[in-house]
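Each chain is listed here by its residues.
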Amino acid sequence: MGVTKGPLEELIERAGGCAVIDGGFATQLEALGADINDPLWSALCLISNPDLIKKVHLQYLEAGADVLITSSYQATIPGFLSKGLSIDEAEKLLQRSVKLAIEARDDFWTQLQINPKHGFNRALVAASIGSYGAYLADGSEYSGVYGSDIVLDKLKDFHRRRLQVLASAQPDLLAFEAIPNKLEAQAIVELLNEEKVEIPSWICFSSVDGSHTPSGHSFKECLEILNCCERVPAVGVNCTSPHFINKLIHELRKFTKKAIVVYPNSGEIWDGRAKKWMPSECFGDGSFEALALKWRESGANLIGGCCRTSPNTIRAISKALKHKR
Ligand SMILES: C[S+](C)CC[C@H](N)C(=O)O
Ligand SMILES: N[C@@H](CCS)C(=O)O
Ligand SMILES: [Zn+2]
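Rules and cut-offs
Residues numbered from 1 in each chain as written. Chains lettered and ligands numbered in written order. Predicted model: local features only at pLDDT ≥ 70, side-chain atom pairs only at ≥ 80, totals over all residues. Heavy atoms only, no water. UniProt positions renumbered as here; feature names shortened; annotations may be inferred. Buried < 20%, exposed > 50% of the residue type's maximum accessible area, 1.4 Å probe, protein only. Helix = DSSP H or I, 4+ residues; strand = E, 2+ residues; numbered from the N terminus. Arc of directions from axis to C-beta. Contact = heavy atoms within 4.5 Å. 1 Å grid on protein atoms, 1.4 Å probe; cavity = no way out; pocket = protein on both sides within 12 Å on 5 of 7 lines; lining within 4 Å. Near = heavy atom within 4 Å. Nonpolar A, V, L, I, M, F, W, Y, C, P; charged D, E, K, R; others polar. Pairing = 2+ DSSP bridges. Right-handed = clockwise from strand over helix to strand, strands pointing away. Polar contact = N/O pair within 3.5 Å; in protein donor to acceptor, adjacent residues only side chain to side chain. Sits in = over half its atoms within 2 Å of the grid points. Donors = N, O, S within 2.8 Å, 3.2 Å for Na, K, Ca; no water. Tetrahedral: all angles 85-135°; square planar, octahedral: opposite > 155°, others 65-115°. Salt bridge = Lys/Arg side-chain N within 4 Å of Asp/Glu carboxyl O. Points joined across faces, edges and corners; volume = space filled by probe spheres on them.

Under an unreviewed UniProt entry, the name given to the protein is homocysteine S-methyltransferase, and the organism recorded is Rhynchospora tenuis. According to its UniProt record, the protein has this under Subunit (unreviewed entry): "Monomer." Looking at the Function (unreviewed entry) heading of the UniProt record, one finds this comment for the protein: "Catalyzes methyl transfer from S-methylmethionine (SMM) to adenosyl-L-homocysteine (AdoMet). SMM degradation (by HMT-1, HMT-2, HMT-3 and HMT-4) and biosynthesis (by MMT1) constitute the SMM cycle in plants, which is probably required to achieve short term control of AdoMet level."

Given below as structure tokens:
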């Protein structure tokens, strides 16, 4: 593992050093009319409207995404059980999240073949794995505070079965998203090793101050844990304000040789109690075009958008990265 070039490294190379990720998944579901005000958040649509999930994936492919992130961010077995589903049904829904993205990717790719000059890359499917904080559905992916009873083994137990089930659906990648503290990063790395997970992962942290994880750990400390793990070819930050991204890329590059992944949100701030986005200095699609060029220059290898970004954001990023070298 890790010595030969994996699908992520190949994509980055094919894309000339920097590939494009998709944008806010839940955001686009809502834009298409989904009501996701629920503890399962976007994963509610796995039950209620799988066709809409596929539609969002297709919109991001059309916008130029080289990587699709699945609808499983807040999909968990206990979360589905609390909706009255069985374990078997819950596991099938997790697999469905990967299947929907693979179907969208394959349909789009087949359709492109009529034009040999289409200019798209065949996209990779990354199975989203949200943090324990995302499962809590109280916004704690931005605080990193889980309480003193949440120790390393509890986090490993929380992640274990979902990880196994998602991996069994054979996505190209695993995307650990908005991880808010060092303990959870440690749990994930230990789990990937114990389970001998062969699918490469990226691990992305959230940050609310632009210098630390929400729990207050430095990226240096976090990367010391991740650097040892060959199962993790890429690290980065997501769902963080675009303001901080350039500085964070430089910070990450100081401490790792791994590929760097950045997919910020629009700069708005999530109010975990009210369950809504609070206005803040917000970045439009035009600013993402210029910022993406800067982030690539600073060393980012995968760039996309997170919450409150849309297919138009990804179109702007894709246009910038694929046409301006
Ligand atoms: C990335 S946050 C906006 C996702 C939603 C959050 N976990 C909640 O359920 O409140
Ligand atoms: N992949 C998730 C991340 C939320 S932070 C989404 O885009 O909805
Ligand atoms: Zn987000």
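There is more to say after this.
**Q** What is the right way to look at helix 10 (residues 219-227) in this model?
**A** Along an α-helix, residues three or four positions apart point the same way, because every turn accommodates 3.6 residues. Along helix 10, the positions that sit buried rather than exposed are Phe219, Cys222, Leu223, Ile225 and Leu226. Here the buried residues of helix 10 occupy an arc of 155 degrees about the axis, which is enough to place them on one side. For helix 10, the secondary structure elements touched by its buried residues are helix 9 (182-194), strand 5 (201-205), strand 6 (234-238) and helix 11 (242-255).

**Q** Can you help me understand the UniProt feature "binding site: Zn(2+)" (unreviewed entry) in the protein in this one?
**A** Mapped onto this numbering, the UniProt entry gives "binding site: Zn(2+)" (unreviewed entry) at Cys239, Cys306 and Cys307. Of the residues just listed, which span 69 residues, no C-alpha pair is farther apart than 6.3 Å, and they cluster in one region. In the annotated set above, the residues contributing to the lining of the largest cavity are Cys239, Cys306 and Cys307. Residues contacting cysteine 306, with those up to four places away along its chain left out, are Gly23, Gly24, Asn238, Cys239, Tyr263, Pro264 and Asn265. Among residues more than four places away in sequence, those in contact with cysteine 307 are Gly24, Thr27, Trp41, Cys239, Asn265, Ser266 and Trp277.

**Q** For this particular structure, what's the right way to read the site of ligand 1?
**A** Around ligand 1, the surrounding shell consists of Trp41, Tyr73, Gln74, Ala134, Ala137, Gly139, Glu141, Tyr142, Trp270, Lys275 and Trp277. Tallied by class, the residues present in the shell around ligand 1 amount to seven nonpolar, two polar and two charged.

**Q** What should I look at first to understand the pairing of strand 5 in this one?
**A** The side chains of a regular strand alternate, first on one face of the sheet and then on the other. Along strand 5, five of the five residues are buried, which leaves the element largely enclosed by surrounding structure. In this structure, strand 4 (residues 173-179) lies alongside strand 5, joined through four bridges in parallel fashion. Following the sheet pairing, isoleucine 179 is matched in strand 5 by phenylalanine 205. Each parallel crossover has a hand, and the one from strand 4 via helix 9 to strand 5 is right-handed. Of the strand pairs in this sheet, strand 5 and strand 6 are connected by four bridges, and their pairing is parallel. Note on strand 6: the bridge partner recorded for phenylalanine 205 is valine 237.

**Q** Hey, could you run me through the site of ligand 2 in this one?
**A** Neighbouring ligand 2 are Gly24, Phe25, Ala26, Trp41, Tyr73, Glu177, Cys239, Cys306 and Cys307. In the model, an oxygen atom of ligand 2 is placed 2.8 Å from a nitrogen or oxygen of the phenylalanine 25 main chain. Between a nitrogen atom of ligand 2 and a side-chain N or O atom of glutamate 177, the distance comes to 2.9 Å. Applying the majority rule of atoms within 2 Å of the grid points places ligand 2 in the largest cavity. A per-class count over the shell around ligand 2 returns seven nonpolar, one polar and one charged.

**Q** Help me understand the coordination of the zinc ion (ligand 3) in this model?
**A** Any two of four tetrahedral donors ideally make an angle of 109.5 degrees at the metal, while pairs among six octahedral donors ideally make 90 or 180 degrees. Bound to the zinc ion (ligand 3) are the protein donor atoms Cys239 (SG), Cys306 (SG) and Cys307 (SG), situated 2.2 to 2.4 Å from the metal. One way to put it: the four donor atoms around the zinc ion (ligand 3) meet at angles of 96 to 129 degrees, and that makes the site tetrahedral. We note that the donor set of the zinc ion (ligand 3) lies within a single chain, spaced as C-x66-C-C. One end of the pair, cysteine 239, is in the loop between strand 6 and helix 11; the other, cysteine 307, is in the loop between strand 10 (302-303) and helix 13 (311-323), and 68 residues separate them in sequence. You can call cysteine 239 buried: its relative accessible area is 5%. A relative accessible area of 8% means that cysteine 307 is categorised as buried.

**Q** Please clarify how the pattern of salt bridges should be interpreted in this entry.
**A** Side chains carrying opposite charge are able to pair once their charged atoms draw close together. Tallied over the full model, the rule gives 22 salt bridges. Close ionic contact of lysine 156 with glutamate 190 constitutes a salt bridge, the shortest N to O distance being 2.7 Å. Residue lysine 156 is found in helix 8 (residues 152-168), and its partner glutamate 190 is found in helix 9; the two are separated by 34 residues along the sequence. Of the charged contacts, one joins glutamate 198 and arginine 231 as a salt bridge, the two residues approaching to 3.9 Å between their closest N and O atoms. Of this pair, glutamate 198 sits in the loop between helix 9 and strand 5 while arginine 231 sits in the loop between helix 10 and strand 6, placing them 33 residues apart in sequence.

**Q** Sorry, what's going on with the pairing of strand 4 here?
**A** Within strand 4, seven of the seven residues are buried, leaving the element largely enclosed by the surrounding structure. Direction of pairing for strand 3 (residues 124-130) relative to strand 4: parallel, over a ladder of five bridges. By the bridge assignment, alanine 127 is partnered in strand 4 with leucine 174.

**Q** What's the story with empty space enclosed by the protein in this structure? I'm lost.
**A** To locate leftover empty space, one rolls a probe as large as a water molecule over the atoms. For the structure shown, the criterion picks out one cavity of 30 Å³ or more. Estimates place the volume of the largest cavity at around 320 Å³. Ala26, Trp41, Tyr73, Cys306 and Cys307 are, among the 30 residues lining the largest cavity, the residues nearest its centre. Of all elements in the fold, only helix 2 (25-31) and strand 4 reach the threshold of two or more residues within the lining of the largest cavity. Here the lining of the largest cavity is built from residues that sort into 15 nonpolar, 11 polar and four charged.

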